[in-house]
Amino acid sequence: MNEVMAALAREHSQVTFVQLEAEAVPEVSEKYGISSVPTFLFFKNSQNVDRLDGAHAPELTQKVQRHAAGTAGTAGPGGAAPAQEQLHARLKGLINAAPCMLFMKGSPKEPRCGFSRQMVEILQKHGVAFSSFDIFSDEEVRQGLKSFSNWPTYPQLYVRGELIGGLDIVKELEASGELDTICPKGQKLEDRLKSLINKAPVMLFMKGNKQMAKCGFSKQIIEIMNNTGVDYETFDILEDEEVRQGLKSFSNWPTYPQLYVKGELVGGLDIVKELKESGELLPVLKGEN
């Protein structure tokens, strides 16, 4: 990483690079919560605006380039304004990235504080469809959003670009019954499955896709389907565990692949083989039977 830093320093002469031994300055390590090396801290106008934990050369390069561009844009009188405008534009983009956005510590699968965990549990309990942003991944966003929304703590919940509030507010909304009317609901699994099996006239749920089957049964059914000349779409059940398990119960068919025509289950590989041998497969695929 020393070579990477040296190269970045040569490329971005307007940026000052300083290297410290963590053990030699324990007060710095304590102040900024440094628990592993290397850790990279980014400062603008004496303010800590970002950090990177670990030896990740590509990510370090991206962060240096991004912050260096901001530094170049702020040089001279009035230069701080463009940088602030860029940050605000980025924050607006993030809070509008999904109809419901949660800025939290960690991720829904791995919350990194009790408040964030409670918030995720409430949203999931009410079937809210939401996306999230890990504020630990970007110090500039973490600090900037506090000022932008005038809300000093996390988690923060936004709906359609508007701040709803933190955990206490969401708990109050849940208690009053308003949360269900404010937050967008996720699609129910049954509705989602119905939508998927009707996505195309002929739908094949398999392990992998047309280009790369990921099990022998899926490979065999793809070869049969391709020889029919009938257009069909596929869904890779390995990429969505909810669909993988849910479709078994929904169609009362315990294995994959599963073939559907006009929303109706035809069956798996054995059924398709039987239809091929009897000469019935093509009429079935065309919806004639």
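Residues numbered from 1 in each chain as written. Predicted model: local features only at pLDDT ≥ 70, side-chain atom pairs only at ≥ 80, totals over all residues. Heavy atoms only, no water.

## As for the nonpolar core
No. 1: Counting 18 residues, the largest nonpolar core has Val202, Leu204, Met225, Leu259 and Leu285 as its most contacted members.
No. 2: For this core, the elements supplying multiple residues, two or more each, are β7 (202–206), α10 (216–228), β9 (258–261), α12 (269–278) and α13 (281–285).
No. 3: Broken down by element, this core gets its largest block of residues, four residues, from α10.
No. 4: Not counting chain neighbours up to four residues away, the residues in contact with Leu259 comprise Val202, Met203, Leu204, Met225, Glu264, Leu265, Val266, Gly267, Val272 and Leu285.
No. 5: Grouped together as the second largest cluster of nonpolar side chains are 16 residues, Val128, Phe130, Val159 and Val170 included. (Core = buried A, V, L, I, M, F, W, Y, C linked by side-chain atoms within 4.5 Å. Buried < 20%, exposed > 50% of the residue type's maximum accessible area, 1.4 Å probe, protein only. Helix = DSSP H or I, 4+ residues; strand = E, 2+ residues; numbered from the N terminus. Contact = heavy atoms within 4.5 Å.)

## As for the side chain of Ser149
No. 1: Here Ser149 lies in helix α6 (residues 139–149).
No. 2: With relative accessibility at 17%, the residue Ser149 sits in the buried group.
No. 3: Look past the residues within four positions of Ser149 in its chain and what remains in contact with it is Gln156, Tyr158 and Leu163.

## With respect to the pattern of salt bridges
No. 1: The tally for this structure, following the rule as stated, stands at 12 salt bridges.
No. 2: For Asp50, the salt bridge goes to Lys63, with nearest N and O atoms at 3.0 Å. Of this pair, Asp50 sits in strand β2 (residues 47–53) while Lys63 sits in helix α3 (residues 57–73), and the two are 13 residues apart along the sequence. Comparing Asp50 with Lys63, the two get one shared label, buried.
No. 3: Salt bridges sharing common partners tie together Asp50, Lys63, Arg66, Arg90, Asp138 and Glu140. (Salt bridge = Lys/Arg side-chain N within 4 Å of Asp/Glu carboxyl O.)

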